[in-house]
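Here's the letter readout for the chains.
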Amino acid sequence: MRVAVVATRTSHYRDTEGRRRLERVAAELADAGHDVTVFCSQWWDGFDDEFAPDDVTYRAVTVSPTVPSFCVRLPFMLARYRPDVVHALPTPPSVVLAASTGASLARAPLVTEWYGDDDVPESVPASLSLRSPDRIVTPSELVRTRVRERGASADQTTVLPQSIDMDLVREVDPDDEIDVAYAHRLDGSANVESLLLGLAELRQRDWSATIVGDGPEREYYEQEAADLRIDDRVTFVGACDLERRVSIYKGAHVFVQTAFRECFATDLLWAMACGCIGIVEYQAESSAHELVEHRDRAYRVTNPQEIADKIAESAAYDRWAVDESVAEFDHDAVRGRYEALYEGLIDEHGLF
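Residues numbered from 1 in each chain as written. Predicted model: local features only at pLDDT ≥ 70, side-chain atom pairs only at ≥ 80, totals over all residues. Heavy atoms only, no water.

This brings us to the sheet that holds strand β16 (residues 298-301). With parallel pairing, six strands are arranged side by side in an open sheet as β11-β10-β9-β12-β14-β16. At either margin of the open sheet sits one strand with a lone partner, and together these are β11 (234-238) and β16. With strand direction ignored, the average angle separating the axes of adjacent strands in the sheet is 20°. Bridge analysis of strand β12 (residues 252-257) against strand β14 (residues 277-281) gives four bridges, and the strand direction is parallel. Note on β14: the bridge partner recorded for Val 256 is Ile 279. Sitting on the sheet, helix α9 (residues 242-251) is in contact with β9 (178-183), β10 (209-212), β11 and β12, with an inclination near 110° to β12. Each of β9, β12 and β14 touches helix α10 (residues 266-273); the most contacted strand, β12, lies at about 160° to it. (Pairing = 2+ DSSP bridges. Helix = DSSP H or I, 4+ residues; strand = E, 2+ residues; numbered from the N terminus. Axes fitted to C-alpha atoms, helices over the stretch in contact; angles between N-to-C directions. Contact = heavy atoms within 4.5 Å.)

What follows concerns the packing of aromatic side chains. Tallied over the entire structure, the rule returns nine aromatic pairs. With a centroid separation of 5.4 Å and an interplanar angle of 90°, the aromatic rings of Trp 43 and Trp 44 are classed as edge-to-face. A relative accessible area of 24% means that Trp 43 is categorised as partly exposed. Classification of Trp 44 by relative accessible area gives buried; the value is 7%. Taken together through their ring pairs, the aromatic side chains of Trp 43, Trp 44, Phe 51 and Tyr 58 make up a single cluster. For the cation-ring pair, Arg 2 lies above Tyr 81, with the distance from its terminal atom to the ring centre recorded as 4.2 Å. Geometry around Trp 207 places Arg 233 over its ring, the cationic atom sitting 4.4 Å from the centre. (Phe/Tyr/Trp six-rings, centres within 6.5 Å; stacked < 30°, edge-to-face > 60°. Buried < 20%, exposed > 50% of the residue type's maximum accessible area, 1.4 Å probe, protein only. Lys NZ or Arg CZ within 6 Å of the ring centre and 35° of its normal.)

Turning next to the pattern of salt bridges. Counted by the stated rule, this structure contains 25 salt bridges. With a shortest N-O distance of 3.7 Å, Arg 144 and Glu 141 are connected by a salt bridge. Within this pair, Arg 144 and its partner Glu 141 are both found in helix α5 (residues 141-149), separated by three residues, close to a single helical turn. For Arg 144, a relative accessible area of 18% translates into the label buried. Here Glu 313 ties to Lys 310 by a salt bridge, and the two come within 3.3 Å at their closest N and O atoms. Residue Glu 313 and its partner Lys 310 are located together in helix α12 (residues 304-313), separated by three residues, close to a single helical turn. Residue class for Glu 313 comes out partly exposed when judged on its relative accessible area of 39%. (Salt bridge = Lys/Arg side-chain N within 4 Å of Asp/Glu carboxyl O.)

Attention now moves to helix α3 (residues 93-106). Taking 1.5 Å per residue, 14 residues should reach 20 Å; α3 reaches 20 Å between its end C-alpha atoms and fits that length. Within the sequence span of α3, burial applies to Pro 93, Val 95, Val 96, Ala 98, Ala 99, Ser 100, Gly 102, Ala 103 and Ala 106. Looking at the buried side of α3, the elements it contacts are β1 (2-7), α2 (67-81), β5 (85-88), β6 (110-113) and α4 (124-131). Backbone geometry just downstream of α3 places Arg 107 in the positive-phi region, at approximately 55°. (Expected span 1.5 Å × (residues − 1).)

Relative orientation of the contacting elements helix α7 (residues 192-200) and α12 amounts to 60°, with a least axis distance of 8 Å. The pairing of α7 with α12 is recorded here as oblique in orientation. Judged by the sense of rotation from one axis to the other, the crossing of α7 with α12 is right-handed. Here Ser 194, Leu 195, Leu 197, Gly 198 and Leu 199 of α7 come into contact with α12, specifically with Pro 304, Ile 307, Ala 308 and Ile 311. Residue composition of the contact of α7 with α12, by class: seven nonpolar, two polar and no charged. (Parallel < 35°, antiparallel > 145°, perpendicular 65-115°, else oblique. Left-handed = near helix turned anticlockwise from the far one by under 90°. Nonpolar A, V, L, I, M, F, W, Y, C, P; charged D, E, K, R; others polar.)

Let us now look at the environment of Arg 107. Residue position: Arg 107 is located in the loop between α3 and β6. For Arg 107, a relative accessible area of 71% corresponds to the exposed category. Each C-alpha atom of the pair Arg 107 and Ala 79 lies 8.5 Å from the other, and the pair is 28 residues apart in sequence.

Of the voids in this model, the largest pocket is the one considered here, and its volume is about 1,000 Å³. When residues of the lining of the largest pocket are traced back to their parent elements, those giving at least two are α1 (17-31), α9, β13 (261-262) and α10. Residue composition of the lining of the largest pocket, by class: eleven nonpolar, eight polar and 14 charged. By residue number, the principal contributor to the lining of the second largest pocket is helix α11 (residues 288-292), which donates three residues. Its residues assigned to classes, the lining of the second largest pocket comprises eight nonpolar, two polar and six charged. (1 Å grid on protein atoms, 1.4 Å probe; cavity = no way out; pocket = protein on both sides within 12 Å on 5 of 7 lines; lining within 4 Å. Points joined across faces, edges and corners; volume = space filled by probe spheres on them.)

The following block contains the structure:
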């Protein structure tokens, strides 16, 4: 297939999880043999309007992220490329509308990747951009609900989850054994308080915990651990690369998820793949609870006391280093779901 990806600002301009996700999908599609071109604002050095550092080709629509010029040029560039499918980020909405025009000229379906971490203010262009795609992909039911509340239909939306590398999970050596792991950027949405309060309830028991992540609230959380007199058993390791995080999760018995906001709880997924028992404190703005539904080695809780109770109950479970049931979220498996989505839309599009 010829896949046109539209991203006015790639992660080289603005690094967000949604942008990295779409770029990763583009790279995986290219690795699988598809012809993938990203239509974007130029982010590489030099005067060439194309750049192909890997199997993905980046084509500059504009030299800088100038939205009006981007919208004028994009439809004709898409028409000349003649993609089988066009896959765009949802921001800015005017670019989605331009991508829709280009897709129509190329007689190709339009897919929008709505991860949920881009702010799309209410506006007429935003409303129109929600109605223009043939399909809107979200990473979770939480984000899908938000998109539908803004006007998208049920048939127009599809959930395709984040993916992980199961080969990496199998290959990485476990770190030292610990009882509890937690990971999130330590900002105002991290809600480490719930975990620390839960751990404090278990003060009379023997346990160890590792908190992965850095951010503006780290000093506050470290002080809170000290105030609760559990700082000798809670280790703050800061931000870690992926391989280090996987190693920590493989050495852990339980992973506790308490953050207030998560479009998709990626670290929870990695931890469960590493055999951790998942304990998720329900939050209205987090999709984390979706990952533990219908799983045996997982709990949903609503307060720190329940976190403590479930950590204690988890002692009855064996330690695992890999959970093969999570292989449905492997990169190849999720890429296959994107391919199936594209193929279905192309077939439907050919009927009109």
